[in-house]
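Here are the chains, one letter per residue:
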Amino acid sequence: SLMRIHWFSPLTPSRTDIAHFTLRLLPFLSARAEITLWTDQPRWYSSLERYAEVRRFDPENLSGGIGEKSPTIFYNMGNDARFHSGIWEAARRLPGFVIMHDVFMHDSIAFYCQKRNARDAYLDLMQSLYGNRGRRDAGLHWENVLSMHQMGRLYTCSQFILESSLGAIIHSRAAERVLRREVDLPIVRLPL
């Protein structure tokens, strides 16, 4: 019997290369495992269903068989909150392996908090990750004193995304060096 894999990812037609990464990988992956694709999108290309069952998930209420019969969950993670905030919420609650297409996650998290006007949550998060300096700089960023670029260089926030993870998969040596400084998890480098 084939291994069961739960694969969380943006799906085509989402305008992110990570959706296309899943589309390119799916024929090969489905030949070796039984795949369930999980998305919080309202629509996806029906051609995906040739290779995998596609199911919707609600980031606020994770249930519906996610992880049943299999502990093998993969999260396809990028740094654009428009496509990945629901996936990172799932990754923080259900342990699995995170494919980090980008290890610099601050911009995505800050954008997500700003869109929801969640200043206090953002400041609290930055303090929990980086102490008083993180909170101070987050406040300066919220007030447009520190730019998104400056904050992204100072704070990756990848440990927030990987808090419940079993391991991380990254694509470059540079990403591996950054992540090894940030988290104490198994990290595998697989060139894209």
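Our structure is the block above this text.
Remember, it's a predicted structure, so these values are computed and weren't measured experimentally. Along each chain, the written sequence defines residue order, and numbers are assigned to residues from 1. Residues qualify for local features only when their pLDDT is at least 70, as the model is predicted, and side-chain atom pairs are given and counted only at 80 or more; totals for whole chains, interfaces and linings, by contrast, use all residues. Based on all heavy atoms of the structure, the side-chain values leave hydrogens and waters out of the count.

A. Expanded view of the nonpolar core. Formed by 40 residues in total, the largest nonpolar core has its most connected members in Tyr75, Met77, Met100, Ile109, Tyr122 and Leu179. Only DSSP runs of H or I covering at least 4 residues are called helices, and only runs of E covering at least 2 are called strands; the numbering of each starts at the N terminus. The set of elements that each furnish at least two residues to this core consists of β4 (73-77), α2 (81-93), β5 (97-100), α3 (106-115), α4 (119-142), α6 (158-161), β6 (167-170) and α7 (173-182). Looking at which element gives the most residues to this core, the answer is α4, with 6 residues. Put simply, buried Ala, Val, Leu, Ile, Met, Phe, Trp, Tyr and Cys residues joined by side-chain atoms within 4.5 Å make one nonpolar core. Under the scheme applied here, a residue whose accessible area is under 20% of the maximum for its type counts as buried, over 50% as exposed, and between as partly exposed, the area being computed with a 1.4 Å probe on protein chains only. Grouped together as the second largest cluster of nonpolar side chains are 15 residues, Phe21, Ala33, Leu48 and Ile169 included.

B. Region of the structure containing the environment of Arg15. Within the fold, Arg15 resides in the loop between β1 (3-8) and α1 (17-30). Distance from Arg15 to Phe83, taken between C-alpha atoms, is 8.7 Å for residues 68 residues apart in sequence.

C. Looking closely at the packing of α2 against α3. The angle between two axes is taken between their N-to-C directions and runs from 0 to 180 degrees, where each axis is a line fitted to C-alpha atoms and a helix contributes only its stretch in contact. α3 packs onto α2 with a crossing angle of 95 degrees between their chain directions and a minimal axis gap of 10 Å. Here α2 lies roughly perpendicular to α3, going by the angle between them. Listed contacts from α3 to Ala81, Arg82, Ser85, Trp88 and Glu89 of α2 are Ser108, Ile109, Phe111 and Tyr112. Ten residue types, Ala, Val, Leu, Ile, Met, Phe, Trp, Tyr, Cys and Pro, are classed as nonpolar, four, Asp, Glu, Lys and Arg, as charged, and the remainder, Gly among them, as polar. Looking at the contact of α2 with α3, its residues break down into 5 nonpolar, 2 polar and 2 charged. Should an angle fall under 35 degrees it is called roughly parallel, over 145 degrees roughly antiparallel, and 65 to 115 degrees roughly perpendicular, with every other angle called oblique. Any two residues whose heavy atoms approach within 4.5 Å at even a single point are treated as in contact.

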